[in-house]
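A structural walkthrough
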Amino acid sequence: MKEKITGSEALMRALQAEGVKTIFGYPGGSIMPVYDALYDYTRGEKKAFDHILVRHEQGATHAAEGYARVSGEVGVALVTSGPGATNTLTGIADAMLDSTPIVMIAGQVPIGALGTDAFQEVDLVGVAQPISKWSYQIRHAEDIAWAVSRAFYIARSGRPGPVVLDFPKNAQTELVEFEPQKVDFVRSYIAYPQLDEESVKEAADLINNAKKPLALVGQGVELGNAQEELKEFLEKADIPAGRTMLGLSALPSNHPLNVGMLGMHGNYAPNLKEQQCDVLIAIGMRFSDRVTGSLKTYAKQAKVIHLDIDKSEIDKNVKTSVAVVADCKESLPAITALLNKNDHKEWKESFKALAENERIKVIEPAIHPKEGPLLMGEVVNVVAEATKGDAILVTDVGQNQLFATRYFKFNQKRSICTSGGLGTMGYAMPAAIGATFVTDRTVICFMGDGGFQMNIQELGTIMENKSPVKMILLNNNYLGNVRQWQDMFWRKRKSFTRMLNPRYEMIAKGYGIPYEVVTDRNTLHTAVDRMLATKGPFILECAIKEDDNVLPMTPPGMNVDDMMLEMKAN
């Protein structure tokens, strides 16, 4: 007769079978049997996992996201029912929009109590279904092996995303004969579409005949581990490439074909050239409104080739001429094999005047100001130069995100963690914590004073684990991005965007985290050097000019051609 174990023990063994090493979690009543089983799996001979006790369940999901984004593996969060589960919903939605593979496991009341409004009962499957790849309730212990394997397969395969497992307490305590399962097929779910050779040929023909091709590189290249395939493709056909915010580290910053960042606050040249190219090649990106501006006028002159693993993205926002639906690690080399060796010298040269205009009017004043208060751009630039393109960048949301992504540098793949689709303030600190558990590289975390305070309790997680997160607090006493929009579009009526902030030095002292404040640019370089030389975590607060603005900018709803290099207030 086979050994019988509890459902909680079965969950531990199922997670082991999936190669899980780290779990971010927060215990509670409805998940207590699992935590009791976890006790033995985090110490002694059975030790299989590191469990990181976060200070809020939202922090668990963002930490799992950071872990997943840097490692390429599935991040895992473990919480209790009711408010514990609902606190994770922001992180689940964030992971869904940014295609981040996480599995969130939540306790639930016993199935006999479902529907009775029992203490801390919430219909998690119903709530999470629209914002996850799969949401499932494990009602009996005998379903654990299958459900966990299926969850990890769905989360990591195809276009990655979040999976939610709702785990009633009765299933945690029931006895079961456990046999690990390996799910690698789900009926009606085609994770990896078959590459269509005719589409490949059509795409190659368009590119071979293009005079002004432009590639748009998205996070799909990172998710598909196709960074080398991308370089071979671009270099053979000599195609300039713009990168989306989430795709920034898919191509090294110093690559000669990299022409900058796309989007509302991206670089001037690639944004304007989208409106002049004759063939637009979108690779693993979703034509977000932040990239396209008004769809009525976006790239109407161009033939559009769209490479994506997710068929639902094709023609969703931008009408394509050729769609190549497949993993870009497969589709890129297939197209490259049919490309002619090309030289688009004149087309590439045409980017330079626009780039120089941006450098003179925007970049130099932002990163090398001659007087006045500190600027966000110069702080980012100093940190970028000190880390030499080898650090991992984690940002919060707002001006700190936009300045950081504009001026940071990347030499290595999987080097950026930021909330793109959902724009989640409070994302950065827990995501940075998660990143530290899968890399020895320096983790740089830029935050504004607003986002820093949204998950400030995770300083406790940093304190307990001595997580080596280098936190740069860009403090301008405002919700800076909203303030900028108020100045530009709302007649400078700063409605509830100014913040009365605490003394961060005292907060850092309370958590035992080294801290320094910079108010003078003459001390900025030495402060950054001290931060980077300090073992473990560090908070560097920088007193930033209150009305510092992110430029260039394409006003919301306007055409990409309308990108502004200077502020125009209404």
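Below, the structure is looked at part by part. Keep in mind it's a predicted model, so treat the numbers as computed, not measured.

What counts and what doesn't
Residues numbered from 1 in each chain as written. Predicted model: local features only at pLDDT ≥ 70, side-chain atom pairs only at ≥ 80, totals over all residues. Heavy atoms only, no water. Salt bridge = Lys/Arg side-chain N within 4 Å of Asp/Glu carboxyl O. Helix = DSSP H or I, 4+ residues; strand = E, 2+ residues; numbered from the N terminus. Buried < 20%, exposed > 50% of the residue type's maximum accessible area, 1.4 Å probe, protein only. Disulfide = S-S within 2.5 Å. Pairing = 2+ DSSP bridges. Right-handed = clockwise from strand over helix to strand, strands pointing away.

A short note on the pattern of salt bridges
- Scanning the entire structure with this criterion turns up 27 salt bridges.
- Between Arg159 and Glu313 there is a salt bridge; the shortest N-O distance is 2.7 Å. Placement of the pair is Arg159 in the loop between helix 7 (144-156) and strand 7 (162-168) and Glu313 in the loop between strand 13 (303-308) and strand 14 (322-325), with a sequence separation of 154 residues.
- Accessibility expressed as a relative area gives 23% for Arg159, which makes it partly exposed.
- With a relative accessible area of 5%, Glu313 lands in the buried category.
- The residue Glu356 makes a salt bridge to Arg359 at a minimum N-O spacing of 2.7 Å. Within this pair, Glu356 and its partner Arg359 are both found in helix 15 (residues 345-367), separated by three residues, close to a single helical turn.
- One connected set of salt bridges, linked through shared partners, spans Glu3, Glu9, Arg13 and Lys46.

Looking at the state of the cysteines
- Tallied over the entire structure, the rule returns zero disulfides.
- The thiol of Cys417 is not disulfide-bonded; the next cysteine sulfur, from Cys445, is found 9.7 Å away.
- With no disulfide of its own, Cys542 has Cys445 as its nearest cysteine by sulfur position, at a separation of 13 Å.
- Given a relative accessible area of 0%, Cys542 falls into the buried group.

Some details on the pairing of strand 3 (residues 50-53)
- As judged from the four bridges shared by strand 2 (residues 22-25) and strand 3, these two strands associate in the parallel manner. The partner of Ile23 across the bridge, within strand 3, is His51.
- One crossover worth recording links strand 2 to the parallel strand 3 by way of helix 2 (residues 32-41), and it is right-handed.

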